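One letter stands for each residue in the lines below.
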Amino acid sequence: MDCAEPRALARFWAVALGYIERPPPAGFASWEAWFAQQGVPEAEWGDGAYLSDPEGVLPSMSFLKVPEGKVAKNRLHLDIQAGGGREVPWDTRWERVVEAVARITAAGGTVLYEDELDGRPDHVVMADPEGNEFCVL
């Protein structure tokens, strides 16, 4: 994910997705030690942050510093399916969505709006700290 502040955005998405900071490669005590061994200039060591699924099953994520800011709608839109899907009874699903939105808001997310389906709340459109939109459903 391109961003202005990789570590801050990675911390946010770790909370949003339940991920953890990805450990440094095997044989290295820290990312800095790995960067140094790879010849990455020290001035660039903060230009990335890395997350992984704590179970080691789901894909890892990288956050990379880029000079340009977000200027338009996301080309990639994530849906965090905190509620369990529409096959879950609405009362249960919506309670889970509300809990996830509260947790994500506390981590720095912003609620943009709540969308309705058939006259009741269905999902929440949010933005991460750098303005990237996503939904919690």
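Here, the structure is the one placed above.
Worth saying up front: this structure is predicted, and the values here are computed from it rather than measured. (Residues numbered from 1 in each chain as written. Predicted model: local features only at pLDDT ≥ 70, side-chain atom pairs only at ≥ 80, totals over all residues. Heavy atoms only, no water.)

Comments concerning the pattern of salt bridges
Pairing is possible between side chains of opposite charge, provided their charged atoms come close.
Part 1 of the reasoning: On inspection of all chains with the given rule, the structure shows 4 salt bridges.
Part 2 of the reasoning: Notably, a salt bridge pairs glutamate 32 with arginine 7, separated by 3.6 Å at the nearest N-O pair. Of this pair, glutamate 32 sits in helix α2 (residues 31–38) while arginine 7 sits in helix α1 (residues 6–17); the two residues are 25 residues apart in sequence, bridging distant segments of the chain.
Part 3 of the reasoning: For arginine 7, a relative accessible area of 42% puts it in the partly exposed group.
Part 4 of the reasoning: A salt bridge links lysine 70 to glutamate 133, with the nearest nitrogen and oxygen atoms 3.5 Å apart. Of this pair, lysine 70 sits in the loop between β4 (61–65) and β5 (78–80) while glutamate 133 sits in strand β8 (residues 133–136), and the two are 63 residues apart along the sequence.
Part 5 of the reasoning: Connected through shared salt-bridge partners, Arg86, Arg93 and Asp122 make up one network. (Salt bridge = Lys/Arg side-chain N within 4 Å of Asp/Glu carboxyl O. Helix = DSSP H or I, 4+ residues; strand = E, 2+ residues; numbered from the N terminus. Buried < 20%, exposed > 50% of the residue type's maximum accessible area, 1.4 Å probe, protein only.)

Considerations on helix α3 (residues 90–106)
Part 1 of the reasoning: The terminal C-alpha atoms of α3, which comprises 17 residues, lie 24 Å apart, in line with the 24 Å expected from a rise of 1.5 Å per residue.
Part 2 of the reasoning: The complete set of buried residues in α3 reads Arg93, Trp94, Val97, Ala100, Val101 and Ile104. Buried residues of α3 fall within an arc of 125° about the axis and therefore sit on the same side. Opposite its buried face, α3 presents the exposed residues Asp91 and Ala106, each directed more than 90 degrees away.
Part 3 of the reasoning: Taken together, the buried residues of α3 touch α1, β5, β6 (110–117), β7 (120–127) and β8.
Part 4 of the reasoning: Immediately beyond the C-terminal end of α3, within one or two residues, lies glycine 108, with a positive phi of roughly 120°. (Expected span 1.5 Å × (residues − 1). Arc of directions from axis to C-beta. Contact = heavy atoms within 4.5 Å.)

Observations regarding the nonpolar core
Part 1 of the reasoning: Core analysis: the largest hydrophobic core is formed by 22 residues, its most contacted members being Trp13, Leu51, Phe63, Ile104, Met126, Phe134 and Val136.
Part 2 of the reasoning: Of all the elements in the fold, those that place two or more residues in this core are α1, β3 (48–52), β4, α3, β7 and β8.
Part 3 of the reasoning: At 6 residues, α1 tops the list of elements feeding residues into this core.
Part 4 of the reasoning: When sequence neighbours within four positions are dropped, the list of residues in contact with methionine 126 reads Val101, Ile104, Thr105, Gly109, Thr110, Val111, Leu112, Asn132, Glu133, Phe134 and Val136. (Core = buried A, V, L, I, M, F, W, Y, C linked by side-chain atoms within 4.5 Å.)

Remarks on the environment of proline 24
Part 1 of the reasoning: When you line up the elements, proline 24 lands in the loop between β2 (20–21) and α2.
Part 2 of the reasoning: Judged by relative accessible area, proline 24 falls into the partly exposed class, the value being 24%.
Part 3 of the reasoning: Discounting residues that sit within four places of it in the chain, proline 24 has contacts with Ala29, Ser30 and Trp31.

Describing the packing of aromatic side chains
Part 1 of the reasoning: Evaluated as defined, the whole model comprises 9 aromatic pairs.
Part 2 of the reasoning: Linked through ring pairs, Trp31, Trp34, Phe35, Trp45 and Tyr50 together constitute an aromatic cluster. (Phe/Tyr/Trp six-rings, centres within 6.5 Å; stacked < 30°, edge-to-face > 60°.)

Here we look at the sheet that holds β7
Part 1 of the reasoning: Here we have 4 strands laid out as an open sheet, ordered β5-β8-β7-β6, and mixed in their pairing. Each edge of the open sheet carries a strand with a single partner, namely β5 and β6. The sheet shows a mean angle of 30° between the axes of neighbouring strands, direction not considered.
Part 2 of the reasoning: Along the sheet face, α1 touches β5 and β8 and points at about 45° away from the line of β5.
Part 3 of the reasoning: Sitting on the sheet, α3 touches β5, β6, β7 and β8, and the angle it makes with β7 is about 20°. (Pairing = 2+ DSSP bridges. Axes fitted to C-alpha atoms, helices over the stretch in contact; angles between N-to-C directions.)

Structural notes on the sheet that holds β2
Part 1 of the reasoning: Spatially, β1-β4-β3-β2 is the arrangement adopted by the 4 strands of the open sheet, whose pairing is mixed. The strands lining the two open edges of the sheet, one partner per strand, are β1 (2–3) and β2.
Part 2 of the reasoning: Alignment of β3 against β4, held across 4 bridges, turns out to be antiparallel. Residue pairing across strands places alanine 49 opposite phenylalanine 63, the latter belonging to β4.
Part 3 of the reasoning: In the packing of α1 onto the sheet, contacts are made with β1, β3 and β4, and the angle to β3 comes to roughly 15°.

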